[in-house]
Amino acid sequence: MTIHEKYMQRCLQLAQNGLGTTYPNPLVGSVIVSENDEILGEGWHKKSGEPHAEVNAVLDAVKNGYGEDAFAKAVLYVNLEPCSHTGKTPPCASMIIQKGFKKVAVGTLDPHDKVAGKGVALLKEAGIDVVVGILENKCNELNKRFFTFHRKQRPYVILKWAETSDGFIAPATKNEQKPVWITNANSRQLSHQLRAQENAILVGAKTVIDDNPSLTCRDWNGENPLRVVLDSRNSITSNYQVMDDAAPTLKLQLSSNDTLEILNSLYQNNIQSVIIEGGTTTIQSFIDAGLWDEAYQFMGTEVLFHKGLKGPLLKGNYHIHKREMIQNDVLKIYRNI
């Protein structure tokens, strides 16, 4: 690993701290390193409207007793191109120039149309030596939600379901459930952690009527996602848990359940990532359309239903990205190619 890669990896570690809290902004970390290979300051973007990662790294360096003399001989690392426009905060590219930096290392360019190379161009015009493309694939992976939203004009789509080892996601009748959990408590906690990391969670009206879920991350300390319900007939009333005050809820009363129409509606509502949790018909419609990015399949090995509602069936070009045991449960994470 080169010196540049070493400190870009640190940027990625710092940026990860903002997962679930920076929306609609991307995940960004920044490190300032002296010519003697000493970290002068570091920071990450914590929340929209608050200082960006580069600003926090500079503030940390100043707190540590460093100023423009040190910055002129240092390298500022950041996993995403510094912004060049004024939004809720001033442009970071201008701040970097004003602080006297002469070298900047960038992981990947920002696909947002307000940046898209303009930040790097501004730095170069000021005479700053800019290196781009350090650990680029890892930087792109970190901000897969942000990049998908801006490049494909749709949210990053995550499918998630739990099924028994004989392939069912629900028993033949609800009387058999009482309730019977398919997965263990640790799997359910991980599922709620996933909810806290994403922007929204979506289910069909039938799932709400049959199961009355809350769709919150009650088993994990994090922000509840926006709850989205496909409800073309306006059948979900205030009596259901998804309509309580635990989290905001968006009812999509679309003319059809066409996946493109659904994703376009989510895009228009500025939703960058969505978990599709049910039911099987809704999940399968995204699979059939090829409009998904990841799938989380939790398999409980200690529960058999023998009959009931079958789980979704993946098709097309995909691969297993990760497989892990959660006690006796099996989690397979798939990626759509």
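Keep in mind it's a predicted model, so treat the numbers as computed, not measured. (Residues numbered from 1 in each chain as written. Predicted model: local features only at pLDDT ≥ 70, side-chain atom pairs only at ≥ 80, totals over all residues. Heavy atoms only, no water.)

Peer 1: Got a sec to walk through the overall build of the protein chain? Specific residues and values, please.
Peer 2: The helix and strand tally for the protein chain stands at eleven helices and 15 strands. Seen through its C-alpha atoms, the protein chain measures out along the principal axes to roughly 70 × 40 × 35 Å. Within the span of the protein chain, comprising 337 residues, buried residues form 49% of the whole. Separation of charge centres in the protein chain, based on 36 positive and 37 negative side chains, amounts to 3 Å. (Helix = DSSP H or I, 4+ residues; strand = E, 2+ residues; numbered from the N terminus. Buried < 20%, exposed > 50% of the residue type's maximum accessible area, 1.4 Å probe, protein only. Lys, Arg positive; Asp, Glu negative; His and termini not counted. Charge placed at Lys NZ, Arg CZ, Asp CG, Glu CD.)

Peer 1: Talk me through the pattern of salt bridges; I want residue IDs and the actual numbers.
Peer 2: According to the stated counting rule, one finds 16 salt bridges in the structure shown. Close ionic contact of Asp37 with Lys6 constitutes a salt bridge, the shortest N to O distance being 3.9 Å. In this pair, Asp37 is assigned in the loop between strand E1 (29-33) and strand E2 (39-44) and Lys6 in helix H1 (residues 3-15), connecting sequence segments 31 residues apart. Look at Asp37 and you get partly exposed, because its relative accessible area is 36%. Residue Lys251 pairs with Asp231 through a salt bridge whose shortest N-O separation is 3.4 Å. Here the residue Lys251 occupies a position in strand E10 (residues 249-252), and Asp231 occupies one in the loop between strand E9 (226-230) and E10, the gap between them amounting to 20 residues. Assessed through its relative accessible area of 22%, Lys251 is described here as partly exposed. On the basis of relative accessibility, which here comes to 0%, the residue Asp231 falls in the buried class. If you follow the salt bridges from partner to partner, you end up with Glu141, Lys144, Glu294 and Arg335 in one network. (Salt bridge = Lys/Arg side-chain N within 4 Å of Asp/Glu carboxyl O.)

Peer 1: Account for the packing of aromatic side chains, with residues named and values stated.
Peer 2: Under the counting rule described, the total for this entry stands at six aromatic pairs. With a centroid separation of 4.7 Å and 15 degrees between ring planes, the pair formed by Phe71 and Phe101 is classed as stacked. One end of the pair, Phe71, is in helix H3 (residues 68-71); the other, Phe101, is in the loop between helix H4 (92-98) and strand E4 (103-108), and 30 residues separate them in sequence. On the accessibility criterion, Phe71 (1% relative accessible area) is buried. For Phe101, a relative accessible area of 1% gives the class buried. Ring centres 5.7 Å apart and planes at 75 degrees place the aromatic pair Tyr318 and Tyr334 in the edge-to-face group. (Phe/Tyr/Trp six-rings, centres within 6.5 Å; stacked < 30°, edge-to-face > 60°.)

Peer 1: Residue-level account of the pairing of strand E15 (residues 329-336), with values.
Peer 2: With six of eight residues buried, E15 is to be regarded as a mostly interior element. Pairing between strand E14 (residues 318-326) and E15: eight bridges, direction antiparallel. Bridging from a neighbouring strand, Tyr318 pairs with Asn336 of E15. Count of turn residues in the E14/E15 antiparallel hairpin: two residues, of which Gln327 carries a positive phi of about 55 degrees. (Pairing = 2+ DSSP bridges.)

Peer 1: Any details on the layout of surface pockets? Residues and values, ideally.
Peer 2: Here the largest pocket defines a volume of roughly 1500 Å³. Contributing to the lining of the largest pocket are 50 residues, with Ile169, Thr207, Asp211, Glu277 and Gly278 lying nearest its centre. When residues of the lining of the largest pocket are assigned to their parent elements, the largest contribution, six residues, is made by helix H9 (residues 205-211). Class assignment for the residues of the lining of the largest pocket results in 19 nonpolar, 18 polar and 13 charged. (1 Å grid on protein atoms, 1.4 Å probe; cavity = no way out; pocket = protein on both sides within 12 Å on 5 of 7 lines; lining within 4 Å. Points joined across faces, edges and corners; volume = space filled by probe spheres on them. Nonpolar A, V, L, I, M, F, W, Y, C, P; charged D, E, K, R; others polar.)

Peer 1: Outline the UniProt feature "active site" (unreviewed entry) in the protein chain, supporting the account with residue identities and numerical values.
Peer 2: UniProt annotation of "active site" (unreviewed entry) refers to Glu54 when read in the numbering used here. In this fold, Glu54 is placed in helix H2 (residues 53-63). Apart from residues no more than four positions distant in its own chain, Glu54 is found in contact with Ser30, Leu76, Val78, Leu80, Pro82, Cys92, Met95 and Ile96. (UniProt positions renumbered as here; feature names shortened; annotations may be inferred. Contact = heavy atoms within 4.5 Å.)

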